[in-house]
Amino acid sequence: MEFDLIVIGTGTAAMGVAMRVCKDGWSVAIVDEKPFGGTCALRGCDPKKMLVAGAEVIDAERRMRPNGIDGELRIDWPELIAFKRGFTDPIPAKHEQKYAVAGIATFHGTARFTGPNSLTVDGTELRARHILIASGAVPMTLDIPGEEHLIDSEGFMAMESLPRRVVLVGGGYIAAEFSHIAARAGAEVTVLEMADRMLAQFEPELVGWLMESFKAIGVDVQTKTVVKAIEKTDDGFTVHVETGGGADRIDADVVVHTGGRVPALDRLDPAAANIAMDGRRLKLNEYLQSVTIRRSMRPATLPMRARRSRRFRATMPRRSQPT
């Protein structure tokens with residue numbers, strides 16, 4: 001099967017590009033191994049905001065308690081997750097419908113390159129003049145014994161019930177958000193960060209103010225702490241750590257990976273398409289194109305309506321540039 005463009009991923013960026021070039025007459029296919037919608041809509045920003053909304057209500061009640069508000073609120077975790085799913089569950093079907101109406105071919109499965117202009121999706125061969133990688137990011141490998149016991153942010157937001165003891169491995173912004181959500185829902189929360197402080201990329205003074213709120217709600221932030229192993233036990237997990245004071249252990253009912261994310265490229269097998277890499281990232285030119293792949297077909301092979309489109313001409317790379 002041949003197309004003008006294949007898009008790998010179905011998040012916001014992927015949908016925007018696919019819809020735009022489809023309107024200009026391109027034949028388009030879109031591929032995803034997960035439900036259509038992408039991280040932000042299904043597993044990231046949007047569902048997280050719904051959980052944060054519940055935590056904000058608890059925080060507002062706590063702050064206003066000495067000022068005329070008298071009541072005891074609590075988060076019903078299963079109901080909060082059900083509220084989140086009321087928004088996220090319909091999204092994949094809505095996206096499928098949008099693609100069907102636009103005439104965009106959809107494929108469900110794992111994409112893997114077989115050449116610069118070709119890939120397979122669970123055995124189906126696809127070819128295209130252009131292939132757009134919009135596959136998002138995945139939790140980075142931490143190289144910790146017992147790492148398979150970790151759940152990621154998607155798993156955290158899918159928990160049907162909230163465990164009593166929650167340990168977060170990594171002290172970035174995901175840990176900052178999830179620790180507050182879990183603590184305000186009644187869990188005992190511990191954050192383990194190997195650096196001198198949480199949120200190392202953020203303004204130190206602002207982070208210092210934030211740390212006061214961690215203490216106020218009982219979140220135990222342990223910095224300069226290296227996780228050495230995660231052990232499965234009869235009643236949960238034991239996280240083995242090393243600090244300046246020596247070895248220690250922390251018991252948990254769930255251990256969450258909040259140690260950062262990397263581009264989701266490994267399963268695509270970029271080397272099969274001669275796509276240059278810089279570590280775990282693509283090597284791109286000023287047009288965000290691979291520096292080692294050049295277009296194999298001339299624009300004249302596109303439908304006449306697309307070639308005459310002003311918007312198409314504005315988005316096409318110069319002929320001298322690699323794609």
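In this text, all values refer to a predicted model and were calculated from it rather than measured experimentally.

## As for the overall build of the protein
Then step 1. Helices and strands together make up the secondary structure of the protein, namely 10 helices and 17 strands.
Then step 2. Here the C-alpha coordinates of the protein stretch approximately 70 × 45 × 40 Å along the principal axes.
Then step 3. Residues classed as buried in the protein amount to 46% of the 323 residues present.
Then step 4. Across the protein, contacts joining residues at least 24 apart in sequence account for 63% of those joining residues at least 6 apart.
Then step 5. Accessible area of the protein: about 17200 Å², with a carbon and sulfur share of 52%.
Then step 6. Once the 42 positive and 42 negative side-chain charges of the protein are each reduced to a mean point, those two points are 13 Å apart.

## Topic: the packing of aromatic side chains
Then step 1. One pass over the full model with this rule turns up five aromatic pairs.
Then step 2. Pairing F36 with Y99 gives two aromatic rings, centres 5.9 Å apart and planes at 80 degrees, and the pair type is edge-to-face. Within this pair, whereas F36 is found in the loop between β2 (28-32) and α2 (38-42), its partner Y99 is found in helix α5 (residues 91-102), the two being separated by 63 residues in sequence.
Then step 3. With a relative accessible area of 1%, F36 lands in the buried category.
Then step 4. Each ring, one from F83 and one from F87, has its centre 5.3 Å from the other, and the planes form 75 degrees; the classification is edge-to-face.

## Here we look at the environment of V255
Then step 1. Within the fold, V255 resides in strand β14 (residues 254-257).
Then step 2. The class for V255 is buried, based on a relative accessible area of 1%.
Then step 3. It is 20 Å that separates the C-alpha atoms of V255 and K215, two residues lying 40 residues apart in sequence.
Then step 4. Residues in contact with V255, not counting those within four places in the same chain, are H149, L150, I151, V167, V169, I230, F237 and V239.

## Quick notes on unusual backbone geometry
Then step 1. In this model, N274 sits at a positive phi of 60 degrees, which is unusual for a non-glycine residue.
Then step 2. In this structure, N274 sits in the loop between β15 (261-263) and β16 (277-278).

## Focus on the nonpolar core
Then step 1. Core analysis: the biggest nonpolar cluster contains 33 residues, and W77, F156, L162, V166, V189 and M198 have the highest contact counts within it.
Then step 2. Listing elements by their share of this core, those giving two or more residues are α3 (45-64), α4 (77-88), β8 (165-169), α7 (173-184), β9 (188-192), α8 (204-216) and β14.
Then step 3. Broken down by element, this core gets its largest block of residues, seven residues, from α7.
Then step 4. Apart from the residues within four sequence positions on either side, L162 is in contact with W77, A182, A185 and A187.

## Overview of the packing of helix α1 (residues 12-23) against α5
Then step 1. Contact geometry for α1 and α5: axes closest at 10 Å, N-to-C directions at 15 degrees. The pairing of α1 with α5 is recorded here as roughly parallel in orientation. In the crossing of α1 with α5, the sense of the turn from one axis to the other is left-handed. On α5, the residues that touch M15, M19 and C22 of α1 are H95, K98, Y99 and A102.
Then step 2. Residues belonging to the contact of α1 with α5 are distributed by class as follows: five nonpolar, one polar and one charged.

## Some thoughts on the pattern of salt bridges
Then step 1. Going through the model one piece at a time under the given rule, you end up with 12 salt bridges.
Then step 2. In this structure, the salt-bridge partner of R63 is D59, at a minimum N-O distance of 2.9 Å. Residue R63 and its partner D59 are both found in helix α3; the two are separated by four residues, about one turn of the helix.
Then step 3. Two residues, R65 and E61, come together in a salt bridge whose shortest N-O distance is 2.7 Å.
Then step 4. Note on R65: relative accessible area 40%, which makes it partly exposed.
Then step 5. Here the salt bridges share partners, and the residues they tie into one network are D59, R62, R63 and R184.

## A few points about the packing of α7 against α8
Then step 1. Viewed as axis vectors pointing N to C, α7 and α8 meet at an angle of 25 degrees, and their least axial separation amounts to 10 Å. Viewed along their axes, α7 and α8 adopt a mutual orientation that is roughly parallel. Classified by chirality, the crossing of α8 by α7 is left-handed. Where α7 abuts α8, its residues A176, S179 and H180 lie against L210, S213 and F214.
Then step 2. A per-class count over the contact of α7 with α8 returns three nonpolar, three polar and no charged.

## Looking at α1
Then step 1. In this model α1 runs 17 Å from its N-terminal to its C-terminal C-alpha over 12 residues, within 8% of the 16 Å that 1.5 Å per residue would give.
Then step 2. Those residues of α1 that sit buried are A14, M15, A18, M19, V21 and C22.
Then step 3. Directly beyond the C-terminal end of α1, a positive phi value near 100 degrees is found at G25.

Procedures and definitions
- Along each chain, the written sequence defines residue order, and numbers are assigned to residues from 1.
- Given that the model is predicted, a residue must reach a pLDDT of at least 70 before its local features are reported, and side-chain atom pairs must reach 80 or more before they are shown or counted; all residues, however, enter totals for whole chains, interfaces and linings.
- Values reported for side chains reflect all heavy atoms of the structure, with hydrogen atoms and water molecules removed beforehand.
- Secondary structure is summarised from DSSP: a helix means a run of H or I of at least four residues, a strand means a run of E of at least two, and numbering begins at the N terminus for each.
- In this scheme, a residue with accessible area under 20% of its type's maximum is buried, one over 50% is exposed, and one in between is partly exposed, where area comes from a 1.4 Å probe on protein chains only.
- Contacts: residue pairs with any heavy atoms within 4.5 Å of one another.
- All accessibility values rest on the Shrake-Rupley procedure with a 1.4 Å probe; residue burial counts only the protein chains present in the view.
- By the counting scheme adopted, Arg and Lys are positive, Glu and Asp are negative, and His together with the chain ends is not counted.
- The location of each charge is read from NZ of Lys, CZ of Arg, CG of Asp or CD of Glu.
- Here a pair means two rings of Phe, Tyr or Trp (six-membered ring of Trp) with centres within 6.5 Å. Their orientation is stacked below 30 degrees between planes, edge-to-face above 60, and tilted elsewhere.
- Among buried residues, the Ala, Val, Leu, Ile, Met, Phe, Trp, Tyr and Cys ones that are joined through side-chain atoms within 4.5 Å form a nonpolar core.
- For helices, the fitted line uses only the C-alpha atoms of the stretch in contact; every axis is such a line through C-alpha atoms, and the angle between N-to-C directions lies from 0 to 180 degrees.
- By the definition adopted for this analysis, an angle is roughly parallel if under 35 degrees, roughly antiparallel if over 145, roughly perpendicular if from 65 to 115, and oblique otherwise.
- A clockwise turn of the near helix away from the far one marks a right-handed crossing, whereas an anticlockwise turn of less than a right angle marks a left-handed crossing.
- Basically, the charged four are Asp, Glu, Lys and Arg, the nonpolar ten are Ala, Val, Leu, Ile, Met, Phe, Trp, Tyr, Cys and Pro, and anything else, Gly included, counts as polar.
- Think of a salt bridge as a Lys or Arg side-chain nitrogen and an Asp or Glu carboxyl oxygen that are within 4 Å of each other.
- Any helix carries an expected span of 1.5 Å times its number of residues minus one.

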